[in-house]
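# Secondary and tertiary structure notes
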There are 2 protein chains.
Amino acid sequence: MYVGALFTEGDGSPCCGARSLASLRVTVPESSGPPAPRTNKTAHPPLGRIQREEYPSSWDMAGKKVLIVYAHQEPRSLNGSLKDVAVAELSQQGCTVTVSDLYAMNFEPRATGKDITGTLSNPGFFNYGVETHKAYEKRSLSSDIIEEQKKLQEADLVIFQFPLYWFSVPAVLKGWMDRVLCQGFAFDFPGSYDDGFLKGKLAILSLTTGGTASMFSKTGVNGDFRYFLWPLQHGTLHFCGFKVLAPQISFGPEMASEEERKRMVASWAQRLKTIWEEEPIPCSPPWYFGQ
Amino acid sequence: MYVGALFTEGDGSPCCGARSLASLRVTVPESSGPPAPRTNKTAHPPLGRIQREEYPSSWDMAGKKVLIVYAHQEPRSLNGSLKDVAVAELSQQGCTVTVSDLYAMNFEPRATGKDITGTLSNPGFFNYGVETHKAYEKRSLSSDIIEEQKKLQEADLVIFQFPLYWFSVPAVLKGWMDRVLCQGFAFDFPGSYDDGFLKGKLAILSLTTGGTASMFSKTGVNGDFRYFLWPLQHGTLHFCGFKVLAPQISFGPEMASEEERKRMVASWAQRLKTIWEEEPIPCSPPWYFGQ
């Protein structure tokens, strides 16, 4: 079944979408070595600044921590396969991989007063942003938020794996962003964009679409895929300080053959072998909108 | 408190943001009469096609139906005030106004198998898009979805009232979009964009932001506000056939004075007096991205 710009529950695994993305990923040659450890500000310098001599040649991935935030209802879906192959590949590299399986966790998406334990700062006028900021400082956020923040704090790389719902993430994943990325933890003022509190971490969106790659081109009916990425990659991830790697988009798996879906999964697994060597995309309007 | 690009719970009511939007609304002069009834395909012709002689001069708003989908936790917030003033103004015009108060309803945002009553089409492999499409046809969607679809089906105008969370709608409202706008009801193939099943209806996003209007400009840190509107106005509303009116953006109420917030509310009320005379915005990349 073809579900256009909305739901994409692939049955198996990758395709033309993934292949067409090759030109978007700016990778340094394998021989140039991985980027510096994530603990200092130069860990992910802007494009063109990586010098291979800065890095030890024997550097390996063991000890790296990866969080996969996964939002699909069906374990045997293409999204499920993409998540599984990421766990397998990254584990094999020696990374510690944690998965937040949002539907399986029945993760709460609604931003409400239940997110604050104990007394509200202003019980007479509920302001979610103010209350969760204060609750973060007093360590009185609800336990499910604290748990996700711990996972996120420890992660070097966060992979978001989801089917595109209405040009964005499914509500359960939007709720994870709304609730987990609270002021004080993920950002503050000052402390946003390049100074966001999650700086030093990498993020990547791995998603499936209903439409084909050509439908998500500048002249396609859905417009360039970069357009819908803006609120997620710039407005959310960059805002919190993440360096964002090129998206992994598996286009139109429901219209693809089983063979093509298998290639989508294989392509993702292959990319992950050298994921630590990639440079981030520029989160700026020219990249998104071609100005 | 300043909460940047994220949460905006204003305490009172409008401002510079609303004023700066005046140039975006392409309205026909009051004397040119309202557009034709929403029941035929020419109800909302493209920009520039409305001819005043097509419409009866004695046309009034009585009998028009408006649905307000409202997503704020605090009734006394600016969002609450903007919702309240819309109910008051539109009721005064003789419209029937219905409000879906999503937090008060504890509206379910997660897209799961619970949305289908009775037997699944394929219990061994859950595909949300396929199952809800079939359930729509068999009238076996969950009652909360059916209820919202009924309200939507009856509405001539839908207003979405929300604070901007992460360059998008709060998860509770994203869940309303994910679950209510299902295939078969809101669109099909063919049956999307200008042929979407909700054609003949008007939609408008009325939102508050954390940042100021200048922060949401082309050269501002958050980029032009049109950028974040794309997934909502084009990818969701236009996709379902809605004609989209210019957004009502109340910029930065938390940084504004009480006086300015009151002006934001008054500005919205004033605009609603002639809302039925407005022409839709062009949901196309040039409008969004200035190409």
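Residues numbered from 1 in each chain as written. Chains lettered and ligands numbered in written order. Predicted model: local features only at pLDDT ≥ 70, side-chain atom pairs only at ≥ 80, totals over all residues. Heavy atoms only, no water.

Our next topic: the overall build of chain A. Helix and strand counts for chain A come out as eight helices and six strands. Walking chain A from its N terminus toward its C terminus, one meets helices and strands in the order α-β-α-β-α-α-β-α-β-α-β-β-α-α. Burial analysis of chain A (291 residues in total) assigns 65% to the buried set. On chain A, roughly 10200 Å² of surface is accessible, and the fraction owed to carbon and sulfur atoms is 52%. (Helix = DSSP H or I, 4+ residues; strand = E, 2+ residues; numbered from the N terminus. Buried < 20%, exposed > 50% of the residue type's maximum accessible area, 1.4 Å probe, protein only. Areas by Shrake-Rupley, 256 points an atom, 1.4 Å probe, with all protein chains shown as cover.)

A few words now on the nonpolar core. Core analysis: the largest hydrophobic core is formed by 118 residues, its most contacted members being A:F160, A:W176, B:F160 and B:W176. In contact with A:W176, other than residues within four places in its own chain, are A:L67, A:V69, A:L102, A:F107, A:E148, A:L152, A:F160 and A:L181. (Core = buried A, V, L, I, M, F, W, Y, C linked by side-chain atoms within 4.5 Å. Contact = heavy atoms within 4.5 Å.)

The next subject is the packing of aromatic side chains. In this structure the tally under the stated criterion is 44 aromatic pairs over all chains. Both rings, one in B:F126 and one in B:Y128, keep their centres 6.3 Å apart while their planes meet at 65°; by these two values the pair is edge-to-face. Here B:F126 and B:Y128 have matching classes, each one buried. Here the aromatic cluster, defined as three or more aromatic residues joined through ring pairs, consists of A:Y227, A:W230, A:W287, A:Y288, A:F289, B:Y227, B:W230, B:W287, B:Y288 and B:F289. (Phe/Tyr/Trp six-rings, centres within 6.5 Å; stacked < 30°, edge-to-face > 60°.)

Once that is clear, we can look at the interface of chain B and chain A. Across the contact, 65 residues belong to chain B and 65 residues belong to chain A. Both sides together, the interface formed by chain B and chain A hides about 5300 Å², and carbon and sulfur atoms give 64% of it. For chain B, the biggest contributors to the area lost against chain A are B:R110, B:F125 and B:W166; these three give 16% of the whole. Taken together, the connections running from chain B to chain A amount to zero salt bridges. Taken together, the residues of the side of chain B that touches chain A break down into 35 nonpolar, 20 polar and ten charged. (Buried area = accessible area lost by both parts, 1.4 Å probe. Salt bridge = Lys/Arg side-chain N within 4 Å of Asp/Glu carboxyl O. Nonpolar A, V, L, I, M, F, W, Y, C, P; charged D, E, K, R; others polar.)

Once that is clear, we can look at the side chain of B:T132. Residues and elements named next belong to chain B. Looking at the element boundaries, T132 is found in helix α3 (residues 128–137). Here Y128 takes part through its backbone oxygen, which lies 2.8 Å from a polar atom of the side chain of T132. For T132, the contacting residues outside a window of four places in its chain are I116, L141 and C182. (Polar contact = N/O pair within 3.5 Å; in protein donor to acceptor, adjacent residues only side chain to side chain.)

Right, let's talk about the pattern of salt bridges for a bit. Tallied over the full model, the rule gives 24 salt bridges over all chains. Among the ionic pairs, A:E148 bridges to A:K151, the shortest N-O distance being 2.8 Å. Remark: A:K151 and A:E148 occur in helix α4 (residues 143–154); sequence separation between them is three residues, near one turn of the helix. Comparing A:E148 with A:K151 shows no difference in burial state: the two are buried. Taking the shortest distance from any N to any O, the salt bridge between B:E278 and B:R271 comes out at 2.8 Å. The same class applies to B:E278 as to B:R271, namely buried.

Moving on, we get to the pairing of strand β2 (residues 96–101) of chain B. Residues and elements named next belong to chain B. Examined bridge by bridge, strand β1 (residues 65–70) and β2 share six bridges and lie parallel to one another. Bridge pairing in β2 links V66 to V97. In this region the chain leaves β1, passes through helix α2 (residues 78–92) and returns to the parallel neighbour β2; the handedness of that crossover is right-handed. (Pairing = 2+ DSSP bridges. Right-handed = clockwise from strand over helix to strand, strands pointing away.)

Residues and elements named next belong to chain A. Their axes nearest at 10 Å, the elements α4 and helix α5 (residues 171–180) cross at an angle of 90°. Put simply, α4 runs roughly perpendicular to α5. For the pair α4 and α5, the contacting residues are D144, I145, E148, Q149 and L152 in the first and W176, R179 and V180 in the second. The residue makeup of the contact of α4 with α5, split by class, is four nonpolar, one polar and three charged. (Axes fitted to C-alpha atoms, helices over the stretch in contact; angles between N-to-C directions. Parallel < 35°, antiparallel > 145°, perpendicular 65-115°, else oblique.)

Turning next to the confidence of the model for chain A. Residue and element names in this part refer to chain A. Residue-level pLDDT values for chain A average 84, and 79% of them are 70 or greater. Segment residues 1–58: pLDDT under 50, and 170 contacts once partners within four positions in sequence are set aside and those in other chains are kept. On the interface metric, ipTM, the complex scores 0.83, and its pTM is 0.83. (pLDDT = per-residue confidence, 0-100.)

So, about unusual backbone geometry. At the junction of A:F189 and A:P190, the peptide bond is cis and its omega measures out at 0° in the coordinates. Among the secondary structure elements, A:P190 is positioned in the loop between α5 and β4 (202–208). With a phi angle near 50°, B:W166 is a residue other than glycine that sits in the positive phi range. In this structure, B:Y193 takes a positive phi of about 50° despite not being glycine.

The space that makes up the largest cavity amounts to roughly 100 Å³. A:F167, A:S168, A:P231, B:S168 and B:P231 are, among the 16 residues lining the largest cavity, the residues nearest its centre. Counting only elements with at least two residues in the lining of the largest cavity, the list comes to α6 (225–238) of chain A together with α6 (225–238) of chain B. Considered class by class, the residues forming the lining of the largest cavity number ten nonpolar, four polar and two charged. (1 Å grid on protein atoms, 1.4 Å probe; cavity = no way out; pocket = protein on both sides within 12 Å on 5 of 7 lines; lining within 4 Å. Points joined across faces, edges and corners; volume = space filled by probe spheres on them.)

A few words now on the environment of B:A186. All names here are of chain B. Locating A186 in the fold gives a position in the loop between α5 (171–180) and β4 (202–208). Assessed through its relative accessible area of 0%, A186 is described here as buried. Considered as a pair, A186 and V244 are 58 residues apart in the sequence and their alpha carbons are 15 Å apart. If near-sequence neighbours (up to four positions away) are discounted, A186 is found in contact with L181, G196, F197, L198 and C240.

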